[in-house]
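# Structural description and commentary
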Amino acid sequence: MATETLLVEQRGAVTLVTLNRPQALNALNSQVLADLLTVFAAYDADPTQRCAVLTGSEKAFAAGADIKEMAPQGVGDMFGSNFFAGYDLFTRTRKPVIAAVSGYALGGGCELAMMCDFIIAGDSAKFGQPEIKLGVTPGMGGSQRLARAVGKAKAMEMCLTGRMMDAAEAESAGLVAKVVPAADLLAEALKTAETIAAMPPLAALAVKEQVNVAFETTLQQGILFERRLFHGLFGTEDQKEGMVAFVEKRPGKWVGR
Ligand code: CO8
């Protein structure tokens, strides 16, 4: 399957989505947003799919929101259309999504990568929020998610100077889960996705909800939420199977119920 701006491939239980606007370094325009929403809604709804990888090209994951599309717009256009508010829908994908980032992840590209559940970076990756150089600011969550990922000092410095952070710095700052040689990026991301896809799927959904709640609530409420989801999984066949399989020293077989 493919859309105007995305390549989509199912590899077993893993959906691989590749941003495909090479002429614009995968700049994110309204069509990319529409295509992402279509493709990730289909992924979420497909019971055969358990983990997704979102990637770009070797040169660019995405070089930002499409500056040529935004340049002529006025505040009425932006406010009236609630420009790019649809990305909130992308972040509501219930199943796991890994960003595999090679090359530039700038502005909206960095923001899109941060909307995924975690980032695996090739050693060529460069992250940044350079919007200030265009007379604007991050607008798709960058100021908020970057501050949560790397802390106030680094987020503030990056958003105020527009400088890029290389893969090694991104790993030590906590923005990315791991860095691998650029040539191995896709294979490593797919291998990680296959590991997740082989887990009990309801537990994977629950883990995602638990970790995301950590950014939205108090510690006490987050821990209660975690415990209730943990309790709830004892109503699933996969919990029975998982614990019996452990005792019988064999791999579990998951049914997603
Ligand atoms: N938008 C549109 N086109 C782009 C973009 C972009 N963000 N980035 C690159 N391109 C295009 C270039 O215009 C060029 O096209 P053409 O050949 O037709 O001139 C082509 O891609 C190749 O780019 P370059 O020739 O510039 O390639 P270089 O290797 O010389 O440079 C860079 C690569 C450094 C990545 C450079 O292209 C660059 O600086 N790009 C812009 C980066 C940027 O500023 N990103 C932030 C954009 S603003 C943003 O993301 C806001 C998000 C929030 C929106 C929320 C709204 C509510």
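See the structure printed just above.
Now for a quick tour of the structure. (Residues numbered from 1 in each chain as written. Predicted model: local features only at pLDDT ≥ 70, side-chain atom pairs only at ≥ 80, totals over all residues. Heavy atoms only, no water.)

## Side note on the site of the ligand
As a structural note, the neighbourhood of the ligand is formed by 24 residues, with K59, A63, A65, I67 and G108 the closest of them. At a separation of 2.9 Å, a nitrogen atom of the ligand approaches a polar backbone atom of I67. When isolated, the ligand has an accessible area of 1,100 Å², and the protein chains bury 66% of it. Those elements that provide at least two residues to the shell around the ligand are α2 (67–70), β6 (104–106) and α5 (108–115). Class assignment of the residues belonging to the shell around the ligand gives a composition of 14 nonpolar, 5 polar and 5 charged. (Near = heavy atom within 4 Å. Polar contact = N/O pair within 3.5 Å; in protein donor to acceptor, adjacent residues only side chain to side chain. Areas by Shrake-Rupley, 256 points an atom, 1.4 Å probe, with all protein chains shown as cover. Helix = DSSP H or I, 4+ residues; strand = E, 2+ residues; numbered from the N terminus. Nonpolar A, V, L, I, M, F, W, Y, C, P; charged D, E, K, R; others polar.)

## Some points on the sheet that holds strand β8 (residues 126–128)
Hydrogen bonds between backbone groups are what pair the strands of a sheet, and the pairing can be parallel or antiparallel. Taking strand neighbours across the sheet as the criterion, the 4 strands line up as β4-β6-β8-β9 in an open arrangement whose pairing is mixed. Of all strands in the sheet, those with a lone pairing partner are β4 (60–62) and β9 (164–166), marking the two edges. Along the sheet, successive strands turn relative to each other by an average axial angle of 20°, direction set aside. Against the sheet, α5 contacts β4, β6 and β8, and its axis sits at roughly 95° relative to β6. (Pairing = 2+ DSSP bridges. Axes fitted to C-alpha atoms, helices over the stretch in contact; angles between N-to-C directions. Contact = heavy atoms within 4.5 Å.)

Any link to function would need more than the numbers given here.
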